[in-house]
2 protein chains.
Amino acid sequence: MAEQLMPDAFIDKVAQRFKMLSEPIRLRILNQLQLHDEMNVQELVDAMQQRQATVSKHLALLTREGILSRRKEGLHVYYRLNDPSIAGMCMLVCARLKDEAREHSRVILAD
Amino acid sequence: MAEQLMPDAFIDKVAQRFKMLSEPIRLRILNQLQLHDEMNVQELVDAMQQRQATVSKHLALLTREGILSRRKEGLHVYYRLNDPSIAGMCMLVCARLKDEAREHSRVILAD
DNA sequence: ACACTACATAACGACGTAGGAATATAACAC
DNA sequence: GTGTTATATTCCTACGTCGTTATGTAGTGT
């Protein structure tokens, strides 16, 4: 008999963590921060093509969740990735999506 | 320079996948299906303590997303986990949450 | 045919959260 | 102090999705 995926007591927190990763703009922010170790808000605003308020709000969410760290330096605030599990999660999902795509095309071709 | 977490073209699909995992009730369904390989709707309704319509809708979402598979047998419909990446994702998140909790208590104790 | 069961779906209201505009706050320069 | 810049926050509206209720549909049995 297989074990549980997660303890019942963790379910709400796990759901919350996944929710933080369920917005494309937040994933794009994480993607940027993976490329450039550290970025300030304006740099992210430029990269995201989104309003400063919008970016700031997502940064606040990700930081409260522990996914980003925040470092203030003068007028600027620098963010960086603070969750070593993120990379693995994204890799897992991407690999799975590729598998699905491959499987799907195989089925299509089999017709 | 680190690589991207995911290709830009995948971002929307990755976000969608995470969104499917961002509801406690859906995680509880996945947890049940991990324990009992295959369950029909009524069995899941009983385990979830939720209305049949509610459970059916979440099952439909997870199935359309490719996370569950569906097998009809007479009047009953049996669902099972169909995404081998789910277990790894949940493990990663849970491990991370535990790390955070440990780190947090360390900080607290250090005061 | 009718009745019953298991499940799916539609219509509805409630709530959460996204983005936009405006405003507040903080740090610097003068 | 005033002014300016970088960032955070508040208020608002719009939209998505949750759960509930009611109804539809498919399969079985008589």
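Just above, that's the structure.
Thresholds applied
- Residues numbered from 1 in each chain as written.
- Chains lettered and ligands numbered in written order.
- Predicted model: local features only at pLDDT ≥ 70, side-chain atom pairs only at ≥ 80, totals over all residues.
- Heavy atoms only, no water.
- Near = heavy atom within 4 Å.
- Polar contact = N/O pair within 3.5 Å; in protein donor to acceptor, adjacent residues only side chain to side chain.
- Helix = DSSP H or I, 4+ residues; strand = E, 2+ residues; numbered from the N terminus.
- Nonpolar A, V, L, I, M, F, W, Y, C, P; charged D, E, K, R; others polar.
- Least-squares fit on C-alpha atoms with pLDDT ≥ 70 in both.
- Contact = heavy atoms within 4.5 Å.
- 1 Å grid on protein atoms, 1.4 Å probe; cavity = no way out; pocket = protein on both sides within 12 Å on 5 of 7 lines; lining within 4 Å.
- Points joined across faces, edges and corners; volume = space filled by probe spheres on them.
- Expected span 1.5 Å × (residues − 1).
- Buried < 20%, exposed > 50% of the residue type's maximum accessible area, 1.4 Å probe, protein only.
- Pairing = 2+ DSSP bridges.
- Axes fitted to C-alpha atoms, helices over the stretch in contact; angles between N-to-C directions.

**Some words on the protein's contact with DNA strand C**
(1) Moving on: Taken together, 24 residues sit near DNA strand C, with Lys57(A), His58(A), Ser56(B), Arg70(B) and Tyr79(B) positioned nearest.
(2) Moving on: Protein-adjacent atoms of DNA strand C, using a 4 Å cutoff, are sugar or phosphate at a proportion of 60%.
(3) Moving on: One of the side-chain nitrogen or oxygen atoms of Lys72(A) is found 3.3 Å away from a sugar or linking oxygen of DNA strand C.
(4) Moving on: If you list the elements that add at least two residues to the surface near DNA strand C, you get helix H2 (24-35) and helix H4 (52-64) of chain A together with helix H3 (41-48), helix H4 (52-64) and strand E3 (76-81) of chain B.
(5) Moving on: Take the surface near DNA strand C: its biggest share by element is five residues, from H4(A).
(6) Moving on: When the residues that make up the surface near DNA strand C are grouped by side-chain class, the tally is nine nonpolar, eight polar and seven charged.

**Details of the relation of the copies chain B and chain A**
(1) Moving on: Relative to chain A, chain B is turned by 180° and slid 0.0 Å along the rotation axis, the superposed coordinates differing by an RMSD of 0.0 Å. In symmetry terms, the pair is related by a two-fold rotation axis.
(2) Moving on: Of all interface residues in chain B, 100% are interface residues in chain A too; the two copies therefore contact each other through one and the same surface.

**Re the layout of surface pockets**
All names here are of chain A.
(1) Moving on: Considering only enclosed or pocket space, the largest pocket measures out at about 360 Å³ in volume.
(2) Moving on: Taken together, 16 residues form the lining of the largest pocket, with Leu 97, Asp 99, Glu 100, Ala 101 and His 104 sitting closest to its centre.
(3) Moving on: Considering every element that reaches the lining of the largest pocket, the biggest residue donor is helix H5 (residues 85-110), with ten residues.
(4) Moving on: Here the lining of the largest pocket is built from residues that sort into five nonpolar, two polar and nine charged.

**Quick look at helix H2 (residues 24-35) of chain B**
Residues and elements named next belong to chain B.
(1) Moving on: Spanning twelve residues, H2 covers 17 Å between terminal C-alpha atoms, matching the ideal 16 Å at 1.5 Å per step.
(2) Moving on: Across the twelve residues of H2, nine count as buried, placing the element largely inside the fold.
(3) Moving on: Residues of H2 that are buried: Ile 25, Arg 26, Leu 27, Ile 29, Leu 30, Asn 31, Gln 32, Leu 33 and Gln 34.

**Some words on the protein's contact with DNA strand D**
(1) Moving on: Taken together, 25 residues sit near DNA strand D, with Gln52(A), Arg70(A), Tyr79(A), Lys57(B) and His58(B) positioned nearest.
(2) Moving on: Each atom of DNA strand D within 4 Å of the protein was classed as base or backbone; sugar and phosphate made up 58%.
(3) Moving on: Tyr79(A) places a side-chain nitrogen or oxygen 2.5 Å from a phosphate oxygen of DNA strand D.
(4) Moving on: At 2.8 Å from a phosphate oxygen of DNA strand D is found a side-chain nitrogen or oxygen belonging to Arg26(B).

**Details of the sheet that holds strand E1 (residues 38-40) of chain A**
All names here are of chain A.
(1) Moving on: Read from one edge of the open sheet, three strands run E1-E3-E2, paired in antiparallel fashion. Since the sheet does not close on itself, it has two edges, and those belong to E1 and strand E2 (68-73), each with one partner. The mean angle between the axes of side-by-side strands here comes to 30°, regardless of whether they run parallel or antiparallel.
(2) Moving on: Here E2 pairs with strand E3 (residues 76-81) via six bridges, running antiparallel. Bridge pairing in E3 places Arg 71 opposite Tyr 78.
(3) Moving on: Here helix H3 (residues 41-48) sits on the sheet and contacts E1 and E3; the angle it forms with E1, its principal contact strand, is near 90°.

By themselves, these observations are geometric and do not establish any function.
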